[in-house]
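Given next are the chains, with one letter for each unit.
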Amino acid sequence: MNSRSPLPHLSRMLHVGPYGGELPVALRAAASVAVPMLVLWATGHLEWSLYATFGAFTSLFGRTVPIRPRLVMQLQAGAVLVASVLVGTLIAVLASAVPGTGWVVVPVAALWATGVAIVSHRLRWHPPGPLFPVFALGACSSVPADAGSLVVALAVSVAAVLFALALTAAFARFEPGPAPAVVTGAAGPASTTAATTAATATGPEWTLSHYLVRYAAGVAVAGAIATAVGHPYWAMVAAVVPMSAPDASGAIMRAAQRLAGTLVGVLLAWVLLTAGPPPLVVIAVAALLQAGAELYVGRNYAVAMLFITPLALSMTHLAHPVPVAGLVSDRAIDTLVGVVVAVVITLLTHERRQDAAG
């Protein structure tokens, strides 16, 4: 077959790896999101749901490593997530107090992404890269806040992190050992463990300039473009995802999967949110979506995005309701912006990185 044929690439993009015992991890992740959300619903504070959600994302780290190093990794990641929530909330406070300063999130997120990327690669986090911290910072910066919100953001996110850590310890006995789960990479199916090792092993070889170009410049450019059309943090998150791949072909594959999954995912989110379900239903659906994301994120990223996109949009809408049509269209447009920026920067920097590695 012609090596330039798109069929092999399409096959890799659509390939779903076999089930690798992800169900206990998926149930734990769902519980880590659902329980804090139910507490907020019961106390009448769903406007704090973003703070809880990003603290709960602590449970997503270290799924392929033994329990002790996993808890260490989650504690590290949880601390960064709490800091990300606080930085984002501080930007929201500034924007509320001084109109017209919302753009500050773009340079701050660019620098934050670079710093977290360095920490992530040096500490060998799984998943690698600054995706969740950038998402937390950007999303929290978009919700109106005052000075008192900083105390609330700290308390709620820390409580969610501690609950996630407790769930990890409790669920450890029911989870399989760190057997590799199959993922789809640039060269076809590969184990999650192998892919993670490859991704983290390449991190320390990057120079500071590569981090600045790939993360700081990528996030800044994507955020600046998207500021004029929607929510810049979605574009910044979309730009970060491909850059965490270990090589250029993997980055382009991840970008394609992110875009395809998001475009279908926003349609699912539109159907869900336009139905106007009560908060309890949204919380239940969000828990199911989180479980689905964990079941597929290591097996096919495009399929995982079918769960992740409506999850993110429903949580955003729950904390700060806005017109649904604008919400989903902004998500689609901003994702396209971020993916295009990531691919361009990846192609521009790939050869230089190869030369430096050689």
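Higher on the page you've got the structure.
Thresholds applied
Residues numbered from 1 in each chain as written. Predicted model: local features only at pLDDT ≥ 70, side-chain atom pairs only at ≥ 80, totals over all residues. Heavy atoms only, no water. Core = buried A, V, L, I, M, F, W, Y, C linked by side-chain atoms within 4.5 Å. Buried < 20%, exposed > 50% of the residue type's maximum accessible area, 1.4 Å probe, protein only. Helix = DSSP H or I, 4+ residues; strand = E, 2+ residues; numbered from the N terminus. Contact = heavy atoms within 4.5 Å. Salt bridge = Lys/Arg side-chain N within 4 Å of Asp/Glu carboxyl O. Expected span 1.5 Å × (residues − 1). Polar contact = N/O pair within 3.5 Å; in protein donor to acceptor, adjacent residues only side chain to side chain. Phe/Tyr/Trp six-rings, centres within 6.5 Å; stacked < 30°, edge-to-face > 60°. Lys NZ or Arg CZ within 6 Å of the ring centre and 35° of its normal. 1 Å grid on protein atoms, 1.4 Å probe; cavity = no way out; pocket = protein on both sides within 12 Å on 5 of 7 lines; lining within 4 Å. Points joined across faces, edges and corners; volume = space filled by probe spheres on them. Nonpolar A, V, L, I, M, F, W, Y, C, P; charged D, E, K, R; others polar. Patch = residues over 30% accessible without salt bridge, like charges linked within 9 Å, V, L, I, M, F, W, Y side chains within 5 Å. Areas by Shrake-Rupley, 256 points an atom, 1.4 Å probe, with all protein chains shown as cover.

All right, on to the nonpolar core then. Ranked by size, the top nonpolar core spans 77 residues in total, and within it Phe 54, Phe 135 and Leu 313 carry the most contacts. With nine residues, helix H10 (residues 232-243) is the single largest residue contributor to this core. Excluding residues that lie within four positions of it along the chain, Phe 135 makes contacts with Phe 54, Phe 57, Tyr 233, Trp 234, Val 237 and Ala 312. Formed by five residues, the second largest nonpolar core is a distinct cluster that contains Ala 26, Ala 30, Ala 34 and Ala 291.

Within this structure, the stated rule accounts for one salt bridge. Between Arg 63 and Glu 294 there is a salt bridge; the shortest N-O distance is 3.0 Å. In this pair, Arg 63 is assigned in the loop between helix H3 (49-56) and helix H4 (67-97) and Glu 294 in helix H12 (residues 279-296), connecting sequence segments 231 residues apart. With relative accessibility at 16%, the residue Arg 63 sits in the buried group. Judged by its relative accessible area of 6%, Glu 294 is buried.

In this section: helix H7 (residues 147-171). For H7, with 25 residues, the first-to-last C-alpha span of 37 Å sits near the 36 Å given by 1.5 Å per residue. Of the positions making up H7, those classed as buried are Ser 149, Val 152, Ala 153, Val 156, Ser 157, Ala 160, Val 161, Ala 164, Leu 165, Leu 167 and Thr 168. Packing partners of the buried residues in H7 comprise helix H2 (23-43), H3 and H4. Two or three places before Gly 148, at the opening of H7, Asp 146 has a side-chain oxygen 3.1 Å from that residue's backbone nitrogen.

This brings us to the environment of Leu 280. Among the structural elements, Leu 280 can be located in helix H12. The class of Leu 280 is partly exposed, set by a relative accessible area of 37%. Each residue touching Leu 280, except ones within four places of it in the same chain, is listed here: Leu 38 and Trp 41.

What follows covers the packing of aromatic side chains. The tally for this structure, following the rule as stated, stands at eight aromatic pairs. Ring centres of Phe 54 and Phe 57 lie 5.6 Å apart, and the angle between their planes is 85°; on these two criteria the pair is classed as edge-to-face. By relative accessible area, Phe 57 is classed as buried at 6%. Both rings, one in Phe 61 and one in Phe 132, keep their centres 5.8 Å apart while their planes meet at 65°; by these two values the pair is edge-to-face. Of the two residues, Phe 61 is situated in the loop between H3 and H4 and Phe 132 in helix H6 (residues 131-141); the sequence distance between them amounts to 71 residues. Directly above the aromatic system of Tyr 301 lies the positively charged group of Arg 254, at a separation of 4.3 Å from the ring centroid. Over the aromatic face of Tyr 296 sits the side chain of Arg 299, whose NZ or CZ is 4.8 Å from the ring centroid.

What follows covers the layout of surface pockets. Taken as a whole, the second largest pocket encloses approximately 210 Å³ of empty space. Lining the second largest pocket we find 17 residues, and of these Ala 95, Gly 102, Ser 141, Ser 142 and Val 143 sit closest to its centre. Elements represented by at least two residues in the lining of the second largest pocket include exactly H4, H6 and H10. Looking at side-chain class alone, the lining of the second largest pocket contains ten nonpolar, seven polar and no charged residues.

As a further point, take the side chain of Ser 149. You can see Ser 149 is positioned in helix H7. Contacts of Ser 149, omitting those with residues within four sequence positions, involve Tyr 51 and Thr 89.

Right, let's talk about a nonpolar patch on the surface for a bit. Together, Leu 336, Val 340, Val 344 and Leu 348 make up a nonpolar patch on the protein surface, roughly 350 Å² of accessible area in all. Here Val 340 is to be found in helix H14 (residues 324-357). Among the residues examined, Val 340 registers a relative accessible area of 43% and is labelled partly exposed.

Here we come to H10. With twelve residues, H10 should reach 16 Å at 1.5 Å per residue; the first-to-last C-alpha distance of 17 Å fits that figure. Among the twelve residues in H10, twelve count as buried, and that is most of the element. Among all positions of H10, only Pro 232, Tyr 233, Trp 234, Ala 235, Met 236, Val 237, Ala 238, Ala 239, Val 240, Val 241, Pro 242 and Met 243 are buried.

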